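# Observations on the three-dimensional arrangement
These are the residues of each chain, in order.
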Amino acid sequence: MGWIKGEGEIEDSYKISKIAAHVPDLVVYSTLTNDIPYAENFHGVLLFADVSGISAGKLSKVIVGDEISQYFVVIGRAVDEVRLAEGLAVASTIILSPNAWELCERDNIAIDPIENERAVKVRYIKREPSFSVEKYQDSIGTSVEHEKVTRDCVRRASRLMPNAELEKTLRKYIMKTVLQKIDDDQPLEYLSEMRPATIVFVNMQFKGGESDQEQCMTIHQAAIGIGQQIVKHHGRVNKVFMFDKGCTFLCLFGLPGDKREDESAHALQAAYGVHDLCQKEIRSLKTVSVGVTTGPVFCGVVGHPVRHEYTVIGRKVNLAARLMMHYPGVVSCDSETCYYSKLPAFYFNELPKKAMKGVKNPGVLYQFMANKQQMYDHLM
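Predicted model only: the values in this text are computed from it and were never measured.

Quick notes on the rules
Residues numbered from 1 in each chain as written. Predicted model: local features only at pLDDT ≥ 70, side-chain atom pairs only at ≥ 80, totals over all residues. Heavy atoms only, no water. Helix = DSSP H or I, 4+ residues; strand = E, 2+ residues; numbered from the N terminus. Buried < 20%, exposed > 50% of the residue type's maximum accessible area, 1.4 Å probe, protein only. Contact = heavy atoms within 4.5 Å. Areas by Shrake-Rupley, 256 points an atom, 1.4 Å probe, with all protein chains shown as cover. Salt bridge = Lys/Arg side-chain N within 4 Å of Asp/Glu carboxyl O. Core = buried A, V, L, I, M, F, W, Y, C linked by side-chain atoms within 4.5 Å. Polar contact = N/O pair within 3.5 Å; in protein donor to acceptor, adjacent residues only side chain to side chain. 1 Å grid on protein atoms, 1.4 Å probe; cavity = no way out; pocket = protein on both sides within 12 Å on 5 of 7 lines; lining within 4 Å. Points joined across faces, edges and corners; volume = space filled by probe spheres on them. Nonpolar A, V, L, I, M, F, W, Y, C, P; charged D, E, K, R; others polar. Pairing = 2+ DSSP bridges. Axes fitted to C-alpha atoms, helices over the stretch in contact; angles between N-to-C directions. Parallel < 35°, antiparallel > 145°, perpendicular 65-115°, else oblique. Left-handed = near helix turned anticlockwise from the far one by under 90°.

Time to look at the overall build of the protein. When its secondary structure is counted, the protein shows 12 helices and 14 strands. In the protein, buried positions account for 49% of the 380 residues. For the protein, restricting intrachain contacts to residue pairs at least 6 apart in sequence, the fraction spanning at least 24 positions comes to 67%. Here the protein has roughly 19800 Å² of accessible surface; of this, 51% comes from carbon and sulfur atoms.

Now the structure itself:
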């Protein structure tokens, strides 16, 4: 057997290391005996490179799901604060959240205040910080042992020894599409391709004031219900994450092994079922919004050889996310999804045009309004 030799260079390793490459350390090194769902508090720093935002403070690691599929989510004030940076950051800037700025060595950082905001924009660091990461890790204890730098090892999880119980747990966090390639000992590059797919984004906005434990239970209930709806219609839940004071699910239809001629219709039926389920059965939610798009996207593994994930990238992915946020409370879709679903026109109601960040010429957009039983009868 071989190990990770250095950055970007990888040899054969034990199967469990290939599986762990798709799972964050907070899951790999967590306690296996906890009952699902559960929330576990910790202090940490969040860096969102896409919006150049840094936040810090109390966080909660949330584990939800069932015996087949489980999901990892980070929630807490620091998550809410770093997302606020999206509206403040512009190219080549770094924004510190209010709590991150409170915890900084202030006399060593030159900043510009932001009008009417407690967040600040970083100008430059005056001198090289003298903070010792090693001493900090020693003071925390065994909970961060896996983060200590090891010679010739980028990530400790790349050197995991075979462990049947841990492998069984980690497999629950990975989509079947990826597990099949790992089990067949095939290169994950085989999963990377441009292919037509249908994207479904689901966003749940909380009413506000919930404790971390209450949010944990809500996300768990949603994960179970959404997972059942999506899988029933031949789709996959790709990831779950906190976004804009709510929780978002990214679901995919048309992946390898799941391709169907009527996948757009099934995606719409699943989206309608998810929207209906969340509205009726999860009382702690304020709004449920779903965006659905169809078209060519990049599907594949992105990241480092020892820590990566399977995801989708492309214009249609961005559009689905924007639909979800700009048309709250409904199931919205693009004209391609409407066309390829081959469903009757009276299932769709044209939506008013809105300016959406990063989206040009989205075409005609629709609200999907089908009756659940009518949809079922049409697809049978």
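On to the pattern of salt bridges, then. Counting across every chain of the model gives 20 salt bridges. Notably, a salt bridge pairs Lys239 with Glu309, separated by 3.1 Å at the nearest N-O pair. A residue pair is termed long-range when its members are at least 10 positions apart, and Lys239 in strand 8 (residues 235-243) and Glu309 in strand 11 (residues 307-313) qualify at 70 residues. Each of Lys15, Arg171 and Asp183 takes part in one network of salt bridges that share partners.

Let us look at the nonpolar core. Nonpolar side chains in soluble globular proteins generally cluster together in the buried interior. Within the largest apolar cluster, 50 residues are counted, with the highest numbers of intra-cluster contacts made by Val200, Ile226, Phe249, Val292 and Phe348. Among the elements that line this core, the one with the most residues is helix 9 (residues 263-281), at 7 residues. Sequence-distant contacts of Phe348, defined by excluding residues within four places in its chain, comprise Leu268, Cys333, Cys338, Ser341, Leu343, Tyr366, Gln367 and Phe368. Core analysis: the next-biggest nonpolar cluster, separate from the first, contains 35 residues, Leu166, Leu252, Val301 and Ala320 among them.

Take the side chain of His233 next. Relative to the elements of secondary structure, His233 occurs in the loop between helix 8 (212-232) and strand 8. Within the structure, His233 has its side chain in polar contact with the side chain of His266 (distance 3.2 Å). The contact partners of His233, leaving out residues within four places of it in the chain, are Phe253, His266, Gln269 and Ala270.

Moving on, we get to empty space enclosed by the protein. Tallied over the entire structure, the rule returns 1 cavity of 30 Å³ or more. Volume-wise, the largest cavity comes out at about 40 Å³. Looking at the largest cavity, the residues that line it are Tyr327, Glu350, Leu351, Pro352, Lys353, Gly363, Val364 and Leu365. Class assignment of the residues belonging to the lining of the largest cavity gives a composition of 5 nonpolar, 1 polar and 2 charged.

Let's shift gears to the pairing of strand 8. Of all 9 residues in strand 8, 8 are buried; the element is thus mostly enclosed. When strand 8 meets strand 9 (residues 246-253), the two strands line up antiparallel, connected through 8 bridges. Paired with Val240 across the strands is Phe249, a residue of strand 9.

It is worth spelling out helix 7 (residues 176-183) at this point. Every buried residue belonging to helix 7 is among Thr177, Val178, Leu179 and Ile182, and all of these are buried. Looking one or two residues past helix 7, Asp185 carries a phi angle of roughly 55°, positive in sign.

Moving on, we come to the pairing of strand 11. Across 7 bridges, strand 10 (residues 285-304) lies against strand 11 in antiparallel orientation. Residue pairing in the sheet places Val301 in a bridge with Tyr310 of strand 11. A loop of 2 residues connects strand 10 with strand 11, the two strands running antiparallel in sequence.

Let us now look at unusual backbone geometry. Backbone phi values are negative for most residues with the exception of glycine, while trans is the configuration of most peptide bonds. Backbone torsion omega between Ile36 and Pro37 reads 5°, so that peptide bond is classified as cis. Here Asn116, not a glycine, exhibits a phi torsion of approximately 65°, which is positive. Inspection of the secondary structure puts Asn116 in the loop between strand 5 (109-113) and strand 6 (120-125). A positive phi angle, near 50°, is found at Asn361, a position not held by glycine. With respect to the helices, strands and loops of the structure, Asn361 is situated in the loop between strand 13 (348-350) and strand 14 (365-368). On the basis of relative accessibility, which here comes to 71%, the residue Asn361 falls in the exposed class.

The next point concerns the packing of helix 8 against helix 9. As a packed pair, helix 8 and helix 9 sit with axes 9 Å apart at the nearest point and diverge in direction by 155°. Our classification of the angle between helix 8 and helix 9 gives roughly antiparallel. For the pair helix 8 and helix 9, the sense of crossing is right-handed. Residues Gln221, Gly225, Ile226, Gln229 and Ile230 of helix 8 form the contact with helix 9, whose participating residues are Ala270, Gly273, Val274, Leu277, Cys278 and Glu281. In terms of residue class, the contact of helix 8 with helix 9 is built from 6 nonpolar, 4 polar and 1 charged.

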